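Coordinate inspection notes
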2 protein chains.
Amino acid sequence: MSKALERREKQRESLIQAAQKSISAGGLAALKTRELASEIGVANGAVYNLVADVDELILLVGSRTLARLDAALTEAEGEGAASPAEMLERIAVAYCDFASENLELWRALFEHRMAPGKPVPEWAVTEQMALFRHIYAPLAVLFPKRSPEELGVTARSLFSAVHGMVLLGLEQKLIAVPVESLRREIATIVKAMVAGLTK
Amino acid sequence: MSKALERREKQRESLIQAAQKSISAGGLAALKTRELASEIGVANGAVYNLVADVDELILLVGSRTLARLDAALTEAEGEGAASPAEMLERIAVAYCDFASENLELWRALFEHRMAPGKPVPEWAVTEQMALFRHIYAPLAVLFPKRSPEELGVTARSLFSAVHGMVLLGLEQKLIAVPVESLRREIATIVKAMVAGLTK
């Protein structure tokens, strides 16, 4: 790698880290490329030599958030043997924990909208979809006769339901719940859903 | 009522209606008091003689959205006799329908944040909470031995789970689902949750 390319890589990495810090502290609304440029010591316009646009920058931060979420769910799965139903409960609670510990970065995953007319790039969609395997795998054991498409629908539903509980539970707006009660309640509801689906 | 008070009431009503139209068309981000003032024919500053601030205006629009949601759920409940479990399914599907037919107004209910440090006024919280009776009532029949507090927690969980499915289902971002499939899937999941909880 040439010296110039090497420097660009380093600056790009600093930019992504600065953006991550900014989102983590104040959410997407706090992200100002002008401030990031000043923080990493480049001219304002130079940011766009490092990333195509703000959307790409936010997606790159999102990609790291997803990688850490993936690691957190994998760690939860590794915490001893469990039935597929118990595994789904454990994954749901781990999702809740991750969200509460990474509140703004997690919110940014869902609040970010591409500029009008611009689709989410293929690589980002693929990364998001890959996370569904954590739910899909135990469901495939529970429902061996369902088609991959049917399992996909159920995985999506379970995820959305748990996401809703985490979202409104952590939001402290309409529904304020202490995290400990939220974790318990999520486990109860996932257990009920799975029991109801298998009966 | 004096002529001046009467005129103020009329202008206030026009302002709320203009705000509702604006949110309905472009979401909260599209709401500009300057444009509303010009639309109802008052000076910019005069808006703040009609409502305390933008938060109050948004809450007043939200109040009407909640009243229409309340009516929609009540109508669904009136569509013939049903077991409590069937009633919960019906309410969940009616919630999905309302959200898809009033997408931006419904989103605004959840996206609106008060100015920092300002609590949501008591009357707005009371209105929001009153809607939970649609879920609470069938749950109280299903679980006659549970305390009001326990029923409240379950009502909150069911609502949040259904809300998550509607939110991600209608968002067409991570998870694109046709409304018809979404309605079916919500019914399936609510049925499973209730079956699992009662077993």
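Our structure's up above, just so we're on the same page.
Residues numbered from 1 in each chain as written. Chains lettered and ligands numbered in written order. Predicted model: local features only at pLDDT ≥ 70, side-chain atom pairs only at ≥ 80, totals over all residues. Heavy atoms only, no water.

So, the overall build of chain A
Stated precisely, the cut-off is as follows: Working definition: helices are DSSP H or I runs of at least four residues, strands are E runs of at least two. Numbering for both runs from the N terminus. Under the scheme applied here, a residue whose accessible area is under 20% of the maximum for its type counts as buried, over 50% as exposed, and between as partly exposed, the area being computed with a 1.4 Å probe on protein chains only. We call two residues contacting when some pair of their heavy atoms lies within 4.5 Å.
Tallying secondary structure elements over chain A gives 10 helices and zero strands in all. If you list the helices and strands of chain A from N to C, you get α-α-α-α-α-α-α-α-α-α. Reported as C-alpha extents along the three principal axes, the dimensions of chain A are approximately 60 × 40 × 35 Å. When the 199 residues of chain A are sorted by exposure, 47% land in the buried category. Counting only contacts in chain A whose residues sit at least 6 apart along the sequence, the fraction spanning at least 24 positions is 67%.

Describing the pattern of salt bridges
Heads up, the rule is: Note on definitions: salt bridges are taken to be side-chain nitrogens of Lys or Arg within 4 Å of carboxyl oxygens of Asp or Glu.
As enumerated under the stated definition, the model contains 20 salt bridges over all chains in all. In this structure, Glu13 of chain A engages Arg64 of chain A in a salt bridge whose closest nitrogen and oxygen atoms are separated by 2.8 Å. Here Glu13 of chain A, found in helix 1 (residues 3-26), pairs with Arg64 of chain A, found in helix 4 (residues 54-77); they are 51 residues apart in sequence, far enough to count as distant. What makes Arg64 of chain A partly exposed here is its relative accessible area of 28%. Arg133 of chain B serves as the salt-bridge partner of Asp70 of chain B, at 2.9 Å between the closest nitrogen and oxygen. Taken as a pair, Asp70 of chain B in helix 4 (residues 54-77) and Arg133 of chain B in helix 8 (residues 133-142) lie far apart in primary sequence, 63 residues in all.

Some points on empty space enclosed by the protein
Residues and elements named next belong to chain A. As a reminder of what qualifies: Grid spacing is 1 Å over the protein atoms alone, the probe is 1.4 Å, and a cavity is where that probe fits but cannot get out, while a pocket is an open set with protein on both sides within 12 Å along at least five of seven lines and lining residues have an atom within 4 Å of a point. Grid points are joined across faces, edges and corners, and a volume is the space filled by probe spheres set on the points.
Evaluated as defined, the whole model comprises five cavities of 30 Å³ or more. Each pocket or cavity is described by its volume, and for the second largest cavity that value is around 350 Å³. Looking at the lining of the second largest cavity, the elements that each hand over two or more residues are helix 4, helix 5 (84-101), helix 6 (103-111), helix 8 (133-142) and helix 9 (148-171). At four residues, the largest contribution of residues to the lining of the second largest cavity is made by helix 5.

Regarding the layout of surface pockets
This is how the line gets drawn: Under this grouping Gly is polar, as are all residues other than the nonpolar Ala, Val, Leu, Ile, Met, Phe, Trp, Tyr, Cys and Pro and the charged Asp, Glu, Lys and Arg.
Each pocket or cavity is described by its volume, and for the largest pocket that value is around 1000 Å³. Along the wall of the largest pocket there are 32 residues; nearest its centre are Glu111 and Arg113 of chain A together with Phe110, Glu111 and Arg113 of chain B. Contributions of two or more residues to the lining of the largest pocket are made by helix 6 and helix 9 of chain A together with helix 6 (103-111) and helix 9 (148-171) of chain B. Of all the elements, helix 6 of chain B adds the most residues to the lining of the largest pocket, at five residues. Here the lining of the largest pocket is composed, by residue class, of 13 nonpolar, eight polar and 11 charged.

Some points on the relation of the copies chain A and chain B
Going by this rule: Least squares is used to superpose the copies, and the fit set is the C-alpha atoms of residues whose pLDDT is at least 70 in both copies.
Here chain A sits on chain B after a turn of 180 degrees about the axis and a move of 0.0 Å along it, with an RMSD of 0.0 Å. Within this description, the copies of the chain are treated as partners about a two-fold rotation axis. The share of interface residues of chain A whose copies in chain B are also at the interface is 100%, consistent with both copies meeting through the same surface.

What about the interface of chain A and chain B?
The cut-off we apply is this: For any pair of parts, buried area is found by adding up, for both, the accessible area (1.4 Å probe) each one loses once the two are put together. Each polar contact in these results corresponds to two N or O atoms within 3.5 Å; when the atoms are within protein, one needs to be able to donate a hydrogen and the other to accept it, and residues that are neighboring in sequence are counted only if both atoms are side-chain atoms.
Counting residues at the interface gives 34 residues for chain A, matched by 34 residues for chain B. Here chain A packs against chain B, burying approximately 3000 Å² in sum over the two surfaces, 70% of which is carbon and sulfur. For the interface between chain A and chain B, the tally reads two salt bridges. Residues Arg113 of chain A and Glu171 of chain B are paired through a salt bridge, measuring 2.8 Å at the closest nitrogen-oxygen approach. Between chain A and chain B we count four residue pairs in polar contact (both at pLDDT 80 or more) in total.

Focus on the side chain of Asp55 of chain B
Residue and element names in this part refer to chain B. Following the sequence through the fold, Asp55 ends up in helix 4. The class for Asp55 is buried, based on a relative accessible area of 10%. A polar side-chain atom of Asp55 sits 3.3 Å from a polar atom in the side chain of Lys118.

Things to note about the nonpolar core
To keep things clear, this is the line we draw: Residues belong to a common nonpolar core when they are buried Ala, Val, Leu, Ile, Met, Phe, Trp, Tyr or Cys residues joined through side-chain atoms within 4.5 Å.
Membership of the largest hydrophobic core comes to 79 residues, with the highest contact counts inside it found for Trp106, Val166 and Ile186 of chain A together with Val166 and Ile186 of chain B. Not counting the four nearest positions on each side in its chain, Val166 of chain A is found in contact with Tyr95, Cys96, Ala99, Trp106, Leu182 and Ile186 of chain A. Ranked by size, the runner-up nonpolar core spans 20 residues in total, among them Leu15, Ala19, Ile23 and Leu50 of chain A.

Some words on the packing of aromatic side chains
Counted only if it meets this: Between rings of Phe, Tyr and Trp, where Trp is taken as its six-membered ring, a pair exists when centres lie within 6.5 Å; planes separated by under 30 degrees are stacked, by over 60 edge-to-face, and by other angles tilted.
Summed over the entire model, instances satisfying the criterion amount to 10 aromatic pairs over all chains. Centroid distance Phe110 of chain A to Phe159 of chain A: 6.4 Å. Interplanar angle 20 degrees. Geometry classified as stacked. One end of the pair, Phe110 of chain A, is in helix 6; the other, Phe159 of chain A, is in helix 9, and 49 residues separate them in sequence. Aromatic side chains Phe132 of chain B and Phe159 of chain B sit 5.5 Å apart centroid to centroid with 80 degrees between the ring planes, which places their arrangement in the edge-to-face category. With Phe132 of chain B in the loop between helix 7 (122-130) and helix 8 and Phe159 of chain B in helix 9, this pair connects stretches of sequence that are 27 residues apart.

Nothing here speaks to function; it is geometry throughout.
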